[in-house]
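# Secondary and tertiary structure notes
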Amino acid sequence: GLIVTHTRTTPKTSKSIDYRSGVMQDIVMFLRDRAKTAESLGVHPDSILLDPGPDLAKTPAQSYQAVSDLTPLRNLGYGILMATSRKDFLGAITAQSPSKRLPASLAALEHGLQQGVELFREHDVHAATEYLAVRAVLRGEVPVDPCWDTPEELRRDAPRG
């Protein structure tokens, strides 16, 4: 597969761009053109994922715009990758440093799920996996065993000592 990511600067730089036509319009045009180029070089459309590139040459407000409504990207007909875990725009919303952005990252994960995102890049894989497991049970996607029980060793945290 191929992941096509939107950015207008050299990787690992923090420079933001003035997207005169609007950040989402720039993202759509950029990713559409790169995906079509990939197809012309033999990459099957089902193997292409589009990444709007939050925080890559974008201010926090532009990053929010890039992921708030993924319909324009979905309309291009490719899968979508969402890489919002611990991103700076989440820090702008929550006033938390990267290591304290887990709740914000999980909220962004849920947002992406609701928009049909196919793949996520996550820092806190264990927490995201547990989140998804609980979500699946609560949504009725996983059957509940009527004999479920919590083992005694999981009922309480070990005493601090």
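In short, a report on the structure. (Residues numbered from 1 in each chain as written. Predicted model: local features only at pLDDT ≥ 70, side-chain atom pairs only at ≥ 80, totals over all residues. Heavy atoms only, no water.)

Summed over the entire model, instances satisfying the criterion amount to 12 salt bridges. Here Glu39 and Lys36 are joined by a salt bridge, their closest N and O atoms 3.6 Å apart. Pair noted here: Glu39 and Lys36 are both in helix 1 (residues 23–40), with a separation of 3 residues, about one helical turn. Judged by its relative accessible area of 26%, Glu39 falls in the partly exposed class. A relative accessible area of 47% means that Lys36 is categorised as partly exposed. Shared partners join several salt bridges into a network, and the residues in it are Asp149, Glu152, Arg155 and Arg156. (Salt bridge = Lys/Arg side-chain N within 4 Å of Asp/Glu carboxyl O. Helix = DSSP H or I, 4+ residues; strand = E, 2+ residues; numbered from the N terminus. Buried < 20%, exposed > 50% of the residue type's maximum accessible area, 1.4 Å probe, protein only.)

Inspection of the secondary structure puts His6 in the loop between strand 1 (2–5) and helix 1. At 2.7 Å, the side chain of His6 forms a polar contact with the side chain of Asp26. A polar contact is formed between the side chain of His6 and the side chain of Lys58, at a distance of 2.9 Å. Apart from the residues lying within four places of it in its own chain, the contact partners of His6 are Tyr19, Asp26, Ile27, Phe30, Leu31, Asp51, Pro52, Gly53, Leu56 and Lys58. (Polar contact = N/O pair within 3.5 Å; in protein donor to acceptor, adjacent residues only side chain to side chain. Contact = heavy atoms within 4.5 Å.)

Contact pair helix 1 / helix 2 (residues 60–68): the axes reach a minimum separation of 9 Å and the direction vectors enclose 55°. The angle between the axes of helix 1 and helix 2 places the two elements in the oblique class. Where helix 1 crosses over helix 2, the two elements pack in a sense that is right-handed. Together, Val23, Met24 and Ile27 of helix 1 and Gln62, Gln65 and Ala66 of helix 2 make up the contact between the two elements. Taken together, the residues of the contact of helix 1 with helix 2 break down into 4 nonpolar, 2 polar and no charged. (Axes fitted to C-alpha atoms, helices over the stretch in contact; angles between N-to-C directions. Parallel < 35°, antiparallel > 145°, perpendicular 65-115°, else oblique. Left-handed = near helix turned anticlockwise from the far one by under 90°. Nonpolar A, V, L, I, M, F, W, Y, C, P; charged D, E, K, R; others polar.)

Turning our attention to the nonpolar core. In terms of nonpolar packing, the biggest core is built from 25 residues, with Ile27, Leu31, Ile48, Leu50, Leu70 and Leu73 touching the most fellow members. Those elements giving two or more residues to this core turn out to be helix 1, strand 2 (48–51), helix 2, strand 3 (79–82), helix 4 (88–94) and helix 5 (102–114). If we ignore the near neighbours within four places in the chain, the residues touching Leu70 are Pro52, Ile80, Met82, Gln115 and Val117. (Core = buried A, V, L, I, M, F, W, Y, C linked by side-chain atoms within 4.5 Å.)

This paragraph deals with the sheet that holds strand 2. What the 4 strands build is an open sheet, ordered 1-2-3-4; its pairing is parallel. Sheet topology places strand 1 and strand 4 (119–120) at the edges, where each strand pairs with a single neighbour. Its contacts with the sheet place helix 1 against strand 1 and strand 2, and it is angled at close to 160° to strand 2. (Pairing = 2+ DSSP bridges.)

The periodicity of an α-helix, 3.6 residues per turn, causes residues three or four places apart in sequence to face the same way. Of the residues making up helix 2, those classed as buried are Gln62, Ser63, Ala66 and Val67. Projected down its long axis, helix 2 shows its buried positions confined to an angular sector of 125°, all on one face. Taken together, the buried residues of helix 2 touch helix 1, helix 4 and helix 5. (Arc of directions from axis to C-beta.)

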